[in-house]
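For reference, the chains in residue letters:
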Amino acid sequence: MRKQIAAANWKMNLTYQQAQALIGDILAQDISLESDQQVLLAVPFPYLSMANEAVAGAGNFAIAAQNCYSKHAGAFTGETSVDMLYSLRVFYCLVGHSERREIFKETNKELAEKIDLLLVQEMRPVFCCGESLDIRDAHMQNDFVETQLNESLFHLSPAQVLKVIVAYEPVWAIGTGKTASTEQAQEMHAHIRSLLAKKYGSDTAEQISILYGGSVKAGNAKELFAEPDVDGGLVGGASLSAQDFVQIIKGLKS
Ligand code: PEP
(Lines give C-alpha, C1' and ligand atoms only; values in the text may rest on other atoms or scores of the structure.)
Protein backbone atom coordinates (compact mmCIF):
# COMPACT_ATOMS: atom_id res chain seq x y z
CA MET A 1 0.00 0.00 0.00
CA ARG A 2 1.18 3.55 -0.66
CA LYS A 3 2.20 5.51 2.44
CA GLN A 4 -0.57 6.77 4.70
CA ILE A 5 0.57 10.07 6.17
CA ALA A 6 -0.57 12.37 8.96
CA ALA A 7 1.20 15.69 8.42
CA ALA A 8 1.03 18.54 10.92
CA ASN A 9 1.35 22.10 9.68
CA TRP A 10 2.04 24.29 12.68
CA LYS A 11 2.20 27.45 10.54
CA MET A 12 3.52 30.48 12.50
CA ASN A 13 2.46 29.22 15.91
CA LEU A 14 4.08 28.22 19.22
CA THR A 15 7.14 29.41 21.07
CA TYR A 16 10.23 27.21 21.14
CA GLN A 17 9.26 25.89 24.57
CA GLN A 18 5.67 25.19 23.51
CA ALA A 19 6.96 23.41 20.41
CA GLN A 20 9.26 21.20 22.50
CA ALA A 21 6.41 20.39 24.86
CA LEU A 22 4.03 19.54 21.99
CA ILE A 23 6.46 17.12 20.38
CA GLY A 24 7.13 15.58 23.80
CA ASP A 25 3.41 15.14 24.43
CA ILE A 26 2.87 13.50 21.02
CA LEU A 27 5.79 11.11 21.45
CA ALA A 28 4.75 10.29 25.02
CA GLN A 29 1.67 8.58 23.57
CA ASP A 30 3.93 5.86 22.15
CA ILE A 31 1.98 5.47 18.94
CA SER A 32 3.20 2.48 17.03
CA LEU A 33 3.03 3.16 13.33
CA GLU A 34 2.82 0.44 10.71
CA SER A 35 5.60 0.36 8.12
CA ASP A 36 3.36 2.07 5.55
CA GLN A 37 2.27 4.82 7.95
CA GLN A 38 4.17 8.03 8.55
CA VAL A 39 3.91 11.21 10.60
CA LEU A 40 5.36 14.49 9.34
CA LEU A 41 5.68 17.61 11.47
CA ALA A 42 6.03 20.81 9.43
CA VAL A 43 7.45 23.13 12.04
CA PRO A 44 8.68 26.75 11.83
CA PHE A 45 12.25 27.16 10.54
CA PRO A 46 13.84 28.03 13.92
CA TYR A 47 12.62 24.74 15.40
CA LEU A 48 13.76 22.36 12.65
CA SER A 49 16.90 21.08 14.39
CA MET A 50 15.26 20.73 17.78
CA ALA A 51 12.33 18.87 16.23
CA ASN A 52 14.61 16.62 14.18
CA GLU A 53 16.54 15.61 17.28
CA ALA A 54 13.35 15.10 19.26
CA VAL A 55 11.88 12.61 16.75
CA ALA A 56 15.18 10.90 15.92
CA GLY A 57 14.37 7.71 17.80
CA ALA A 58 10.67 7.62 16.89
CA GLY A 59 10.05 5.26 14.00
CA ASN A 60 8.36 6.77 10.95
CA PHE A 61 8.29 10.31 12.31
CA ALA A 62 10.00 12.98 10.17
CA ILE A 63 10.28 16.75 10.17
CA ALA A 64 9.29 18.99 7.28
CA ALA A 65 9.93 22.64 6.50
CA GLN A 66 6.91 24.76 5.66
CA ASN A 67 8.57 26.50 2.74
CA CYS A 68 11.83 27.03 0.88
CA TYR A 69 13.03 29.61 -1.62
CA SER A 70 12.94 29.09 -5.36
CA LYS A 71 16.56 30.10 -5.94
CA HIS A 72 19.64 28.08 -5.12
CA ALA A 73 21.58 30.65 -3.07
CA GLY A 74 22.59 34.30 -3.01
CA ALA A 75 21.38 37.75 -2.09
CA PHE A 76 17.87 36.89 -0.90
CA THR A 77 17.79 38.27 2.63
CA GLY A 78 15.46 36.40 4.92
CA GLU A 79 14.94 33.39 2.66
CA THR A 80 15.81 29.74 3.35
CA SER A 81 17.33 27.55 0.68
CA VAL A 82 16.81 23.88 -0.06
CA ASP A 83 20.51 23.24 0.61
CA MET A 84 20.17 24.80 4.06
CA LEU A 85 17.29 22.46 4.87
CA TYR A 86 19.16 19.46 3.54
CA SER A 87 22.21 20.37 5.62
CA LEU A 88 19.97 20.23 8.70
CA ARG A 89 18.86 16.76 7.62
CA VAL A 90 15.35 17.97 6.82
CA PHE A 91 14.14 15.93 3.88
CA TYR A 92 10.52 17.08 3.45
CA CYS A 93 9.15 20.49 2.56
CA LEU A 94 5.66 21.89 1.99
CA VAL A 95 5.36 23.64 -1.35
CA GLY A 96 2.52 25.91 -2.42
CA HIS A 97 0.41 26.01 0.70
CA SER A 98 -2.59 28.21 -0.09
CA GLU A 99 -1.37 30.78 2.43
CA ARG A 100 1.89 31.06 0.48
CA ARG A 101 -0.06 31.37 -2.76
CA GLU A 102 -2.51 33.95 -1.39
CA ILE A 103 -0.45 36.09 0.97
CA PHE A 104 2.96 35.80 -0.68
CA LYS A 105 1.66 35.57 -4.26
CA GLU A 106 3.57 32.41 -5.11
CA THR A 107 2.84 31.27 -8.63
CA ASN A 108 2.62 27.77 -10.13
CA LYS A 109 5.85 28.51 -12.02
CA GLU A 110 7.73 29.51 -8.90
CA LEU A 111 6.46 26.39 -7.15
CA ALA A 112 7.78 24.28 -10.03
CA GLU A 113 11.21 25.85 -9.42
CA LYS A 114 11.05 24.99 -5.71
CA ILE A 115 10.08 21.42 -6.52
CA ASP A 116 12.99 21.10 -8.96
CA LEU A 117 15.47 22.32 -6.35
CA LEU A 118 14.07 19.95 -3.72
CA LEU A 119 14.30 17.00 -6.10
CA VAL A 120 17.91 17.77 -6.97
CA GLN A 121 18.62 17.15 -3.28
CA GLU A 122 16.36 14.08 -3.32
CA MET A 123 14.11 15.82 -0.83
CA ARG A 124 10.37 15.19 -0.86
CA PRO A 125 8.00 18.04 -1.69
CA VAL A 126 4.52 18.02 -0.19
CA PHE A 127 2.79 19.81 -3.03
CA CYS A 128 -0.39 21.62 -1.97
CA CYS A 129 -3.17 22.32 -4.42
CA GLY A 130 -6.84 23.20 -4.18
CA GLU A 131 -9.51 25.63 -5.24
CA SER A 132 -11.15 28.64 -3.61
CA LEU A 133 -14.87 28.82 -2.92
CA ASP A 134 -15.76 30.89 -5.98
CA ILE A 135 -14.07 28.32 -8.21
CA ARG A 136 -15.97 25.48 -6.56
CA ASP A 137 -19.22 27.43 -6.80
CA ALA A 138 -18.54 27.80 -10.53
CA HIS A 139 -17.90 24.00 -10.73
CA MET A 140 -14.41 24.71 -12.08
CA GLN A 141 -12.47 22.91 -9.33
CA ASN A 142 -11.34 19.97 -11.47
CA ASP A 143 -9.90 22.20 -14.20
CA PHE A 144 -8.33 24.52 -11.65
CA VAL A 145 -6.49 21.73 -9.85
CA GLU A 146 -5.48 20.22 -13.20
CA THR A 147 -3.81 23.52 -14.14
CA GLN A 148 -1.98 23.61 -10.80
CA LEU A 149 -0.62 20.10 -11.42
CA ASN A 150 0.20 20.84 -15.06
CA GLU A 151 2.13 23.99 -14.27
CA SER A 152 4.00 22.84 -11.16
CA LEU A 153 4.39 19.06 -11.37
CA PHE A 154 3.86 17.59 -14.80
CA HIS A 155 7.28 18.57 -16.16
CA LEU A 156 8.76 15.94 -13.80
CA SER A 157 9.94 12.52 -14.91
CA PRO A 158 8.08 9.46 -13.56
CA ALA A 159 10.98 8.75 -11.18
CA GLN A 160 10.84 12.32 -9.87
CA VAL A 161 7.08 12.47 -9.43
CA LEU A 162 7.24 9.39 -7.21
CA LYS A 163 9.08 11.55 -4.66
CA VAL A 164 6.17 13.98 -4.46
CA ILE A 165 3.39 13.83 -1.88
CA VAL A 166 0.28 15.68 -3.05
CA ALA A 167 -1.97 17.49 -0.56
CA TYR A 168 -5.40 18.49 -1.82
CA GLU A 169 -6.51 21.42 0.30
CA PRO A 170 -9.67 23.21 -0.77
CA VAL A 171 -9.01 26.79 0.31
CA TRP A 172 -12.58 27.19 1.57
CA ALA A 173 -11.95 24.43 4.11
CA ILE A 174 -8.62 25.66 5.52
CA GLY A 175 -8.94 27.09 9.00
CA THR A 176 -12.65 27.67 8.48
CA GLY A 177 -14.04 24.70 10.37
CA LYS A 178 -15.79 23.72 7.09
CA THR A 179 -14.52 20.30 6.05
CA ALA A 180 -15.05 18.87 2.58
CA SER A 181 -17.49 15.98 2.73
CA THR A 182 -15.99 12.53 2.34
CA GLU A 183 -17.60 12.41 -1.13
CA GLN A 184 -16.10 15.76 -2.17
CA ALA A 185 -12.67 14.70 -0.92
CA GLN A 186 -12.76 11.28 -2.59
CA GLU A 187 -14.04 12.77 -5.87
CA MET A 188 -11.15 15.25 -6.09
CA HIS A 189 -8.55 12.73 -4.95
CA ALA A 190 -9.73 10.29 -7.60
CA HIS A 191 -9.55 13.11 -10.15
CA ILE A 192 -5.97 13.94 -9.13
CA ARG A 193 -5.00 10.28 -9.29
CA SER A 194 -6.56 9.95 -12.73
CA LEU A 195 -4.55 12.95 -13.95
CA LEU A 196 -1.37 11.39 -12.52
CA ALA A 197 -2.28 8.12 -14.24
CA LYS A 198 -2.92 9.83 -17.57
CA LYS A 199 0.46 11.53 -17.41
CA TYR A 200 2.60 8.84 -15.76
CA GLY A 201 0.63 5.58 -15.99
CA SER A 202 -1.51 3.96 -13.35
CA ASP A 203 1.32 2.01 -11.67
CA THR A 204 3.03 5.30 -10.82
CA ALA A 205 -0.22 7.06 -9.88
CA GLU A 206 -1.13 4.26 -7.47
CA GLN A 207 2.09 4.78 -5.53
CA ILE A 208 1.63 8.50 -4.87
CA SER A 209 0.13 9.54 -1.54
CA ILE A 210 -2.60 12.16 -1.83
CA LEU A 211 -3.42 13.83 1.49
CA TYR A 212 -6.56 15.79 2.31
CA GLY A 213 -6.26 19.10 4.15
CA GLY A 214 -8.94 21.48 5.38
CA SER A 215 -10.33 21.40 8.92
CA VAL A 216 -9.34 17.80 9.59
CA LYS A 217 -10.18 17.11 13.22
CA ALA A 218 -9.99 14.27 15.70
CA GLY A 219 -13.66 13.62 15.04
CA ASN A 220 -13.62 13.45 11.22
CA ALA A 221 -10.16 12.14 10.33
CA LYS A 222 -10.91 8.43 10.35
CA GLU A 223 -13.94 8.83 8.10
CA LEU A 224 -12.05 11.00 5.59
CA PHE A 225 -8.97 8.75 5.60
CA ALA A 226 -11.14 5.70 4.99
CA GLU A 227 -11.89 6.90 1.45
CA PRO A 228 -9.93 4.82 -1.06
CA ASP A 229 -7.94 7.69 -2.58
CA VAL A 230 -7.41 9.67 0.64
CA ASP A 231 -4.02 8.66 2.01
CA GLY A 232 -4.07 10.71 5.20
CA GLY A 233 -4.18 14.41 5.92
CA LEU A 234 -2.36 17.71 6.21
CA VAL A 235 -3.60 19.22 9.44
CA GLY A 236 -3.32 22.80 10.64
CA GLY A 237 -5.27 23.87 13.73
CA ALA A 238 -5.91 20.42 15.17
CA SER A 239 -2.21 19.55 14.98
CA LEU A 240 -1.48 22.07 17.75
CA SER A 241 -3.15 19.77 20.29
CA ALA A 242 -1.23 16.58 21.06
CA GLN A 243 -4.40 14.78 22.03
CA ASP A 244 -6.23 15.73 18.84
CA PHE A 245 -3.27 15.08 16.55
CA VAL A 246 -2.63 11.66 18.07
CA GLN A 247 -6.29 10.82 17.48
CA ILE A 248 -5.86 11.94 13.85
CA ILE A 249 -2.76 9.75 13.47
CA LYS A 250 -4.78 6.83 14.79
CA GLY A 251 -7.31 7.46 12.03
CA LEU A 252 -4.82 6.52 9.29
CA LYS A 253 -5.64 3.42 7.25
CA SER A 254 -3.52 0.42 8.15
C1 PEP B 1 -3.48 23.70 6.63
O2 PEP B 1 -2.96 24.69 7.12
O3 PEP B 1 -2.85 23.06 5.76
C4 PEP B 1 -4.80 23.29 7.09
C5 PEP B 1 -5.39 22.33 6.46
O6 PEP B 1 -5.31 23.99 8.16
P7 PEP B 1 -6.60 23.55 9.01
O8 PEP B 1 -6.45 22.09 9.35
O9 PEP B 1 -6.56 24.42 10.24
O10 PEP B 1 -7.80 23.78 8.17
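Residues numbered from 1 in each chain as written. Predicted model: local features only at pLDDT ≥ 70, side-chain atom pairs only at ≥ 80, totals over all residues. Heavy atoms only, no water.

Ranked by size, the top nonpolar core spans 70 residues in total, and within it I192 and F245 carry the most contacts. For this core, the element with the highest residue contribution is helix α9 (residues 182-200), accounting for six residues. Each residue touching F245, except ones within four places of it in the same chain, is listed here: A6, A7, A8, I26, V39, L40, L41, V235, A238 and S239. By size, the runner-up hydrophobic cluster in this structure holds 14 residues, among which are I5, A62, L94 and L211. (Core = buried A, V, L, I, M, F, W, Y, C linked by side-chain atoms within 4.5 Å. Buried < 20%, exposed > 50% of the residue type's maximum accessible area, 1.4 Å probe, protein only. Helix = DSSP H or I, 4+ residues; strand = E, 2+ residues; numbered from the N terminus. Contact = heavy atoms within 4.5 Å.)

For the ligand, the set of nearby residues contains 14 residues, the closest of which are K11, E169, G175, S215 and G236. At 2.6 Å from an oxygen atom of the ligand is found a main-chain nitrogen or oxygen belonging to G175. In this structure, G236 approaches the ligand through a main-chain N or O atom, which is 2.8 Å from an oxygen atom. Within the complex, the protein chains bury 96% of what would otherwise be the 290 Å² of accessible surface of the ligand. The residue inventory of the shell around the ligand, partitioned by class, reads four nonpolar, eight polar and two charged. (Near = heavy atom within 4 Å. Polar contact = N/O pair within 3.5 Å; in protein donor to acceptor, adjacent residues only side chain to side chain. Areas by Shrake-Rupley, 256 points an atom, 1.4 Å probe, with all protein chains shown as cover. Nonpolar A, V, L, I, M, F, W, Y, C, P; charged D, E, K, R; others polar.)

On to the sheet that holds strand β8 (residues 232-235). Pairing is parallel in the closed barrel, where eight strands are placed in the order β1-β2-β3-β4-β5-β6-β7-β8. Mean inter-strand twist for the sheet, computed between neighbouring axes without regard to direction, equals 25°. In the packing of helix α7 (residues 141-152) onto the sheet, the strands contacted are β5 (124-129) and β6 (165-168), and the crossing angle to β5 comes to about 150°. (Pairing = 2+ DSSP bridges. Axes fitted to C-alpha atoms, helices over the stretch in contact; angles between N-to-C directions.)

When two helices pack together, their arrangement is given by the angle between the helix axes and by the axis-to-axis distance. Direction vectors running N to C along α7 and α9 enclose 40°, while the axes themselves pass 11 Å from each other. With respect to each other, α7 and α9 are oriented oblique. Crossing handedness for the pair α7 and α9: right-handed. When α7 is examined against α9, the residues Q141, N142, V145, E146 and L149 are found in contact with a partner set consisting of M188, H191, I192 and L195. In terms of residue class, the contact of α7 with α9 is made up of five nonpolar, three polar and one charged. (Parallel < 35°, antiparallel > 145°, perpendicular 65-115°, else oblique. Left-handed = near helix turned anticlockwise from the far one by under 90°.)

Moving on, we get to the environment of I174. Mapped onto the elements of the fold, I174 is located in the loop between β6 and α9. As for I174 and I135, which are separated by 39 residues in sequence, their C-alpha atoms are 15 Å apart. Ignoring sequence-local partners within four residues, the contact set of I174 consists of K11, H97, S98, E99, E169 and G214.

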